[in-house]
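What follows is each chain in one-letter form.
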Amino acid sequence: MQIEVKGIGIVEVPDTFADLDPESQKLYVQKIKLQTSKQQSTDPVEEAAEDLSFLDKLQGGTRSFFQGLTFGFADEIEAGLRTGGGLIGDYSKTVKSIRDDLDELRAKNTALALSSEITGAFFPSLAAGLFTGGAGTGAGLAATGARVAQGAKAAQAAKVSSPSLLKSMGQGAGRGAAYGTAYGVGTAEGGLGERTVGGITGGLTGGVLGGAVPVALQGGIGAAKTLGKSFGVGGTKAAEKFSDVKILQALERDGLSRQGAIEKLKAAEKLGQKDLLIADLGEELSQLGYASQAIAGGARKDVADKLYNRSSSQSERVTEDLIDQTKLKGPFSLEYVDDLAAKQKIAAGPAYKKSDPVLVSPNASIKVDGTTVSLKDFFTGSRKELMIQSAKDGVKIAKAEGENVIDLAKILKDPDLTKEFLSKPIETKFLHTIKKGMDAIINKGTDSFGKVNPYGIAVINTKNTFNKIIERSNPAYAKANKDFSDVARLKDAFNTGLGQKRIKAERLSKLLKGMNDAEKEAFRVGMVARIQDKSDKANFSRDFTTEVFGSKEKENLIRLAFPQTKKGMEGYKNFKEIIELEKKKVQTKNTVLGNSATNKRGEVMRDAEIDPTLGVVGRALVGDLPGAARQGLAAIGARSSGLNPESANLLAKKLFQLSPQEQIRYLSGLGASEQMLVQQSLNALKLQAGLSAGAGTIPSLLTQ
């Protein structure tokens with residue numbers, strides 16, 4: 001609500017201002033005037049809280065705690081200890097000084113004073129309750145609440161008036177402190193000093209939140225936010241610092257410097273990985289990403305959509321990266337092989353012309369499976385029909401290419417002409433024409449996926465034997481065959497790469513050594529086509545890297561898709577690095593979003609709660625202590641240390657939603673936060689050394 005203050009104008013005050021009695025309202029307005037005259041913030045509660053140092057809060061909170069523990073007698077006890085009961089000092093002045101300090105704390109940090117004192121009162125009140133059936137607990141906490149309210153007018157400001165509400169505040173503060181202390185000690189790292197500070201801070205913070213919950217329930221969410229701010233929690237500036245520090249800490253735990261993280265992002269971008277995120281750079285960073293999603297906020301859906309979309313397009317990215325690194329150009333199908341064969345034919349023309357003048361004897365032969373097979377056997381035995389058809393198709397192809405070849409099919413159909421044809425050495429170009437016809441028949445028996453029908457396979461075997469006989473008689477022809485491949489051999493190499501023949505990587509490596517350059521290229525195209533086919537059939541929810549690099553055998557197979565050259569080795573190395581980056585992306589998605597039924601149930605529970613902190617303490621107030629501990633201990637600790645919706649959204653933005661250039665700029669600009677973190681670490685070491693100096697350090701805060 002807004003009120004008009006004379007000499008200042010319109011100012012914003014808590015809605016609970018209307019519930020204050022006239023005297024309290026007057027005091028509140030005077031306080032606003034005083035703070036304005038000192039050119040402080042228009043939010044007196046928040047600014048006053050910031051005036052207190054950590055040690056001031058620690059000392060004041062401890063004093064307030066013992067005030068509650070002794071039901072208001074700690075000031076007299078402390079004064080007595082410090083003055084020897086008046087023998088070595090002025091008892092009355094010391095009591096007044098202590099009470100003035102307590103009043104100052106109540107004025108500057110109402111939430112800390114209120115919750116600390118009620119937390120302290122919880123323990124003797126609980127003991128009293130054991131003997132009075134609970135009445136003693138309620139009475140003790142009600143009395144403490146009334147005393148604190150009277151001292152600072154805070155209870156009135158927060159609508160704390162009834163014993164039942166005071167009892168709820170006491171219960172919330174006590175349970176919150178217990179959980180907070182356990183959380184603080186358990187999560188603090190280092191020696192006794194750090195754990196002591198962690199326990200005390202956790203206890204005080206837990207008390208603040210626990211005691212504030214009933215106030216929030218009765219007085220509204222605005223009052224609870226005011227209490228949180230008074231303890232130093234909240235604000236855009238604090239959220240910004242918190243997110244920066246958390247990212248720096250995660251980088252350190254992942255063994256990365258800021259520059260190291262920048263270099264990783266730049267290296268990934270150089271490999272074409274423009275969707276790599278800061279959250280992908282290490283396990284601790286991805287865990288921090290999970291923490292940023294544990295509190296409901298505006299970034300949750302955006303982050304989830306981004307990670308799921310990135311996962312669903314993984315197979316397509318991996319295939320494109322493989323193509324890019326192998327330096328092959330599509331299409332990755334038999335169309336590529338046909339184009340390659342056409343280029344081979346043009347290049348092979350001069351080589352085959354050199355072999356044309358050589359004549360081959362019809363009696364030339366080789367042994368196949370222990371049986372001698374001669375050239376003339378192809379024209380007189382069971383294969384005669386195949387040779388006639390091959391001659392017919394071969395001549396048609398030759399004429400289409402501009403060659404003048406005799407009608408071999410007509411000769412082979414006539415027994416007398418066939419006999420004459422086989423009675424003398426045969427020109428190599430005639431035999432080569434027949435072989436072209438066999439290739440045409442094989443091509444007719446091959447489907448669009450490169451699969452050859454049974455008849456086509458039989459023709460391939462016949463052609464290979466026929467070809468070997470020619471090569472044995474004509475070395476020039478054999479050399480031309482070795483250096484250049486016909487379409488059938490190229491298709492065979494393509495199909496081998498495609499995986500139609502189940503051959504181990506070691507065996508394939510040996511086969512590759514016997515192939516010419518064109519056949520190796522056809523093989524590699526087949527390998528890429530194999531991965532492309534897997535990508536088309538991939539399940540979006542699965543990690544596609546396992547299809548490519550899921551085993552040593554698969555790694556060795558992919559290695560064969562790269563030429564055995566320096567550039568080929570570099571491409572394979574790059575591709576391996578890309579696969580590792582893709583694996584990290586999968587790990588990030590699994591860490592942040594989870595993929596189990598338990599995680600899904602947990603997400604539903606989080607979505608159902610307006611505020612995890614209120615849900616936890618609410619359970620505690622109705623007696624469900626185990627449930628509250630299981631569900632919310634981490635949430636209470638996280639929020640009390642700064643992880644609220646604002647800081648969670650900032651973390652999510654920095655870890656998941658920056659562009660590659662923005663990520664570099666952000667990490668580069670973290671230097672100031674890094675220096676602040678180093679200074680805080682040094683201060684913490686000094687504090688730890690001081691706290692560890694003696695067991696009487698904490699009690700001495702009361703007497704110094």
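Refer to the preceding data block for the structure.
Residues numbered from 1 in each chain as written. Predicted model: local features only at pLDDT ≥ 70, side-chain atom pairs only at ≥ 80, totals over all residues. Heavy atoms only, no water.

The next subject is the nonpolar core. Formed by 37 residues in total, the largest nonpolar core has its most connected members in F379, F421 and F466. Listed in part, the 36 residues of the second largest apolar core include V337, L490, F494 and I579. (Core = buried A, V, L, I, M, F, W, Y, C linked by side-chain atoms within 4.5 Å. Buried < 20%, exposed > 50% of the residue type's maximum accessible area, 1.4 Å probe, protein only.)

Turning next to the pattern of salt bridges. Scanning the entire structure with this criterion turns up 25 salt bridges. One salt bridge in this structure joins K436 and E403, with 3.7 Å as the shortest N-O distance. With K436 in helix α22 (residues 428-444) and E403 in the loop between α19 (384-400) and α20 (408-413), this pair connects stretches of sequence that are 33 residues apart. Its relative accessible area of 39% is what places E403 among the partly exposed residues. (Salt bridge = Lys/Arg side-chain N within 4 Å of Asp/Glu carboxyl O. Helix = DSSP H or I, 4+ residues; strand = E, 2+ residues; numbered from the N terminus.)

Right, let's talk about unusual backbone geometry for a bit. In this structure, K327 takes a positive phi of about 65° despite not being glycine. Relative to the assigned elements, K327 resides in the loop between α16 (314-326) and α17 (334-355). Non-glycine residue D369 carries a positive phi angle of around 55°. Position of D369 among the secondary structure elements: in the loop between β4 (365-368) and β5 (371-374). Take D369: its relative accessible area is 81%, and that puts it in the exposed class.

The tally for this structure, following the rule as stated, stands at 7 aromatic pairs. An aromatic cluster is built from F378, F379, F421 and F466, whose rings are joined through pairwise contacts. Cation over ring: R559 sits above Y572, and NZ or CZ is 5.1 Å from the ring centre. (Phe/Tyr/Trp six-rings, centres within 6.5 Å; stacked < 30°, edge-to-face > 60°. Lys NZ or Arg CZ within 6 Å of the ring centre and 35° of its normal.)

Look at α17 against helix α27 (residues 517-536): their axes get within 10 Å of each other, and the N-to-C directions meet at 170°. Relative to α27, the element α17 lies roughly antiparallel. Of the residues in α27, those in contact with Y336, L340 and Q344 of α17 are A518, E521, A522 and V525. When the residues that make up the contact of α17 with α27 are grouped by side-chain class, the tally is 5 nonpolar, 1 polar and 1 charged. (Axes fitted to C-alpha atoms, helices over the stretch in contact; angles between N-to-C directions. Parallel < 35°, antiparallel > 145°, perpendicular 65-115°, else oblique. Contact = heavy atoms within 4.5 Å. Nonpolar A, V, L, I, M, F, W, Y, C, P; charged D, E, K, R; others polar.)

Below, the discussion takes up the packing of helix α15 (residues 299-312) against helix α34 (residues 645-656). Between α15 and α34, the shortest axis-to-axis distance is 10 Å and the interhelical angle comes to 20°. Taken together, the axes of α15 and α34 are roughly parallel relative to one another. When you trace α15 past α34, the crossing you get is left-handed. Within the contact between the two elements, α15 uses A299, V303, K306 and L307 and α34 uses N649, A652 and F656. Each residue belonging to the contact of α15 with α34 can be placed in one class, and the counts come to 5 nonpolar, 1 polar and 1 charged. (Left-handed = near helix turned anticlockwise from the far one by under 90°.)

The alternating pattern of strand β1 (residues 2-5) places I3 and V5 on a buried face and Q2 and E4 on a face that is not buried. Here β1 pairs with strand β2 (residues 9-12) via 4 bridges, running antiparallel. Note on β2: the bridge partner recorded for E4 is I10. Linking β1 to β2, which pair antiparallel, is a turn of 3 residues; within it G7 sits at a positive phi near 90°. (Pairing = 2+ DSSP bridges.)

What follows covers a nonpolar patch on the surface. The grouping of F73, I77 and L81 at the surface amounts to a nonpolar patch, some 340 Å² of accessible area in total. Within the secondary structure, I77 is located in helix α4 (residues 74-83). Of the residues examined, I77 reaches a relative accessible area of 45% and is grouped as partly exposed. (Patch = residues over 30% accessible without salt bridge, like charges linked within 9 Å, V, L, I, M, F, W, Y side chains within 5 Å. Areas by Shrake-Rupley, 256 points an atom, 1.4 Å probe, with all protein chains shown as cover.)

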